[in-house]
Amino acid sequence: MNAPHPVRSAAPAGQTAAAERRVVELESRLAFVDQAAETLSRALAAQQSRIDRLERLCGDLAERVRQLSDADPHTPAEEVPPHY
């Protein structure tokens, strides 16, 4: 017994061309979205790197201020202005 051949419906030429245009448009949009996602990913990585560097710098500066305040026990409020 032979298996029946699948029935293929032939779409009109206008529908096929329209479907192909849609596929091309969707592929174009997908390529744009992929490129935008890659650009944003690189920008995010660069920003995170900068944030990490600035956080280290801020911590270093806070430690330096702490060390300087420990080394100098008097505060500027205790100083007598030079004209007195």
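Please read these numbers as outputs of a predicted model, since none were measured by experiment.

S.K.: Run through the overall build of the protein, naming residues and quoting values.
M.R.: Per the secondary structure count, the protein includes 1 helix and 0 strands. For the protein, buried positions account for 0% of its 84 residues. Of the roughly 8400 Å² that the protein leaves accessible, carbon and sulfur atoms contribute 60%.

S.K.: Break down the pattern of salt bridges for me, with residues and values.
M.R.: This model, assessed by the stated rule, comprises 3 salt bridges. Arg 42 is paired through a salt bridge with Glu 38; the nearest N and O atoms lie 3.3 Å apart. Within this pair, Arg 42 and its partner Glu 38 are both found in helix H1 (residues 13–71), separated by 4 residues, close to a single helical turn. Among the residues examined, Arg 42 registers a relative accessible area of 49% and is labelled partly exposed. Here Arg 66 ties to Glu 63 by a salt bridge, and the two come within 3.0 Å at their closest N and O atoms. With Arg 66 and Glu 63 both in helix H1 and 3 residues apart, this pair spans about one turn of that helix.

S.K.: Describe a nonpolar patch on the surface, and please don't skip the residues or the numbers.
M.R.: On the surface, Leu 54, Leu 57 and Leu 61 cluster together into a nonpolar patch covering about 260 Å² of accessible area. Tracing the chain through its elements places Leu 57 in helix H1. With relative accessibility at 44%, the residue Leu 57 sits in the partly exposed group.

S.K.: Could you give me a rundown of the environment of Arg 29, with the residues and numbers involved?
M.R.: Mapping Arg 29 onto the fold places it in helix H1. What makes Arg 29 exposed here is its relative accessible area of 53%. A polar contact is formed between the side chain of Arg 29 and the side chain of Glu 25, at a distance of 2.9 Å.

What counts, and where the lines are drawn
Each chain has its residues counted from 1, running along the sequence as written. Local features are withheld for residues below a pLDDT of 70 in this predicted model, meaning they are given only at 70 or higher, and side-chain atom pairs are given and counted only at 80 or more; totals for whole chains, interfaces and linings count all residues. Side-chain figures throughout are based on the complete set of non-hydrogen atoms in the structure, without hydrogens or water. Under the DSSP-based scheme used, a helix requires at least four consecutive residues in state H or I and a strand at least two consecutive residues in state E, with every element numbered from the N terminus. The classification of residues rests on relative accessible area computed with a 1.4 Å probe and restricted to protein chains. Under 20% of the type maximum is buried, over 50% is exposed, and intermediate values are partly exposed. A 1.4 Å probe and the Shrake-Rupley method give the accessible areas. Residues count as covered only by the protein chains that appear here. By convention in these notes, a salt bridge is any Lys or Arg side-chain nitrogen within 4 Å of a carboxyl oxygen on Asp or Glu. Each patch is assembled from residues with relative accessible area greater than 30% and no salt bridge, linking like charges that lie within 9 Å and nonpolar side chains (Val, Leu, Ile, Met, Phe, Trp, Tyr) that lie within 5 Å. For this analysis, a polar contact is any N or O atom pair within 3.5 Å, provided that within protein one partner can donate a hydrogen and the other can accept it, and provided that sequence-adjacent residues contribute only side-chain to side-chain pairs.

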